[in-house]
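Below, each chain spelled out in residue letters.
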Amino acid sequence: LTLRSSNQLDVTVRFPELAGLADAFGGRDIVLDGEAVALDETGRPDFAVLQQRMHISDPIEAQRRSVVIPAALQIFDLLYFDGHDLMGLPLADRRRTLEALVEDGPAWRVTTAHDDGAPLLALADEQDLEGVVSKKLDSLYRPGRRSSAWRKVKIRRHQEFVVGGWAAGEGQRRGRLGSLLVGYYDDRGGLRYAGRVGSGFSQAELRRLLDRLQPHERVTSPFAEELPRADLVGATFVDPVMVVEVAYAEWSPIGRLRHPSYLGERIDADPSAVTSEI
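Here, residues in each chain are numbered from 1, in the same order as that chain's written sequence. Predicted model: local features are reported for residues with pLDDT of at least 70 only, side-chain atom pairs are reported and counted for 80 or more only, and whole-chain, interface and lining totals are derived from all residues. Water and hydrogen atoms were dropped before computing side-chain values, which therefore reflect all heavy atoms in the structure.

A. Looking closely at the overall build of the protein chain. Regarding its fold elements, the protein chain presents six helices and 14 strands. We take the radius of gyration over the C-alpha atoms and set the globule estimate at 2.2 Å times the residue count to the 0.38 power. The globule rule puts the C-alpha radius of gyration for 278 residues at 19 Å, and the 20 Å found for the protein chain is close to it. Judged by the C-alpha coordinates and their principal axes, the protein chain covers about 60 × 40 × 35 Å. When accessible area is computed with a 1.4 Å probe and restricted to protein chains, residues below 20% of their type maximum are described as buried, those above 50% as exposed, and intermediate ones as partly exposed. By the burial criterion, 38% of the 278 residues in the protein chain qualify as buried. We call two residues in contact when some of their heavy atoms are within 4.5 Å. Residue pairs in contact within the protein chain that sit at least 24 positions apart in sequence constitute 60% of those at least 6 positions apart. Of the charged side chains in the protein chain, 35 are positive and 42 negative, and the gap between their average positions amounts to 5 Å. Helix and strand assignments follow DSSP, with helices taken as H or I runs no shorter than four residues and strands as E runs no shorter than two, numbered in order from the N terminus. Here Asp and Glu are counted as negative and Lys and Arg as positive; His is not counted, and neither are the chain ends. Charge positions are represented by NZ for Lys, CZ for Arg, CG for Asp and CD for Glu.

What follows is the structure in structure tokens.
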């Protein structure tokens, strides 16, 4: 078994509970697409909880966390099987083959598909879930491309942002990272500033983020616009190589995030592909 993120990072060691998935196909080659999830105390998928599994490189620690914070692979597509490239087939055909091949296991399952989008979205809203993904049944699998045939319909407001810098903390965070300076790319390729994110961090995550960002420090700002003077206080700029997931209340009229909260780093995201979702 090999597990790769969408930007081709090998994350196999991080999810030992999925090792048995390879044995389910009798040694035949198969490529699946899915998403690893971890659940919060209410049984809902929680990206912040999954973050406790995403940065582990030690197999022993990964095994320990797989017991304390179990993850599961939600499988939703079949790309290749037993010498056959299936990406050129319609989604309906790929799903039919996927459901015939893959049986649910202790840490993986094939996601259910529904044709009643509006009631499903209402149910997701009622259960405080992130949203739904809608896909046309005749759509092909196009790696690395955005397509109008696949749409995310979000309920909770959160999206990916590129980190362009960090600001030193104050009070209990003095001498450490206090907030992240984040942005997104516009249609001309400029990194637009979206504001500071200063909540949602554990102490361990603050230390980890600072260690990750310091090697990428730079003198000049990566943002395409001049930042407000208040946001420059204590700021250190970095190359825009890190992507984070942020929850927020709304956008201000001048394009700043209101009440943003850090959810976690997206190691599977390409910074250059991060645009505004408003």
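From this point on, the discussion continues.
B. Summary view of the side chain of Q74. For Q74, the location among the structural elements is in strand β2 (residues 71-81). Its relative accessible area of 18% is what places Q74 among the buried residues. The residues contacting Q74, other than those within four sequence positions of it, are D33, G34, E35, V37, R109 and T111.

C. Seen up close, the packing of aromatic side chains. The criterion for an aromatic pair is that two Phe, Tyr or Trp rings (for Trp, the six-membered ring) have centres within 6.5 Å, with stacked assigned to planes under 30 degrees apart, edge-to-face to planes over 60 apart and tilted to the rest. Inspection of the entire model under this criterion finds six aromatic pairs. Here Y141 and W150 contribute two aromatic rings whose centre-to-centre distance is 5.7 Å and whose plane-to-plane angle is 70°, an arrangement assigned as edge-to-face. The partly exposed category is assigned to W150, whose relative accessible area is 27%. Geometrically, the ring pair formed by Y248 and W251 is edge-to-face, given 5.8 Å between the ring centres and 65° between the ring planes. The buried category is assigned to Y248, whose relative accessible area is 13%. Members of the aromatic cluster, each reached through a chain of ring pairs, are F161, Y184, Y248 and W251. Above the ring of W150, the side-chain terminus of K135 is found at 3.9 Å from the ring centroid. Geometrically, a charge over a ring is one whose NZ (Lys) or CZ (Arg) sits within 6 Å of the ring centre while staying within 35 degrees of the ring normal.

D. How the structure looks around unusual backbone geometry. Unlike most non-glycine residues, Q8 shows phi in positive territory, near 70°. Under the relative-accessibility criterion, Q8 is labelled exposed at 52%. With a phi angle near 55°, H259 is a residue other than glycine that sits in the positive phi range. Within the secondary structure, H259 is located in the loop between β13 (257-258) and β14 (261-265).

E. View of the pattern of salt bridges. Whenever a carboxyl oxygen of Asp or Glu lies within 4 Å of a side-chain nitrogen of Lys or Arg, that contact is scored as a salt bridge. Applying the stated criterion to the full structure yields 17 salt bridges. Its salt-bridge partner being R53, residue E17 comes within 2.9 Å of it at the nearest N-O pair. Taken together, the positions of E17 in the segment before β1 (30-38) and R53 in helix α1 (residues 47-54) put the pair 36 residues apart, joining distant regions of the chain. There is no split in this pair, since E17 and R53 are both buried. Between E265 and R208 there is a salt bridge whose closest N-O contact spans 2.9 Å. Of this pair, E265 sits in strand β14 while R208 is found in helix α5 (residues 203-213), placing the two residues 57 residues apart along the sequence. Taken together, the shared-partner salt bridges connect E160, E245, R266 and D268 into one network.

F. Local environment of the nonpolar core. What makes a nonpolar core is a set of buried Ala, Val, Leu, Ile, Met, Phe, Trp, Tyr and Cys residues whose side-chain atoms join them at distances within 4.5 Å. Counting 34 residues, the largest nonpolar core has L180 and V182 as its most contacted members. Setting aside residues no more than four positions away along its own chain, L180 makes contact with V163, G165, W166, G195, R196, V197, F201, L209, L213, V244 and Y262.

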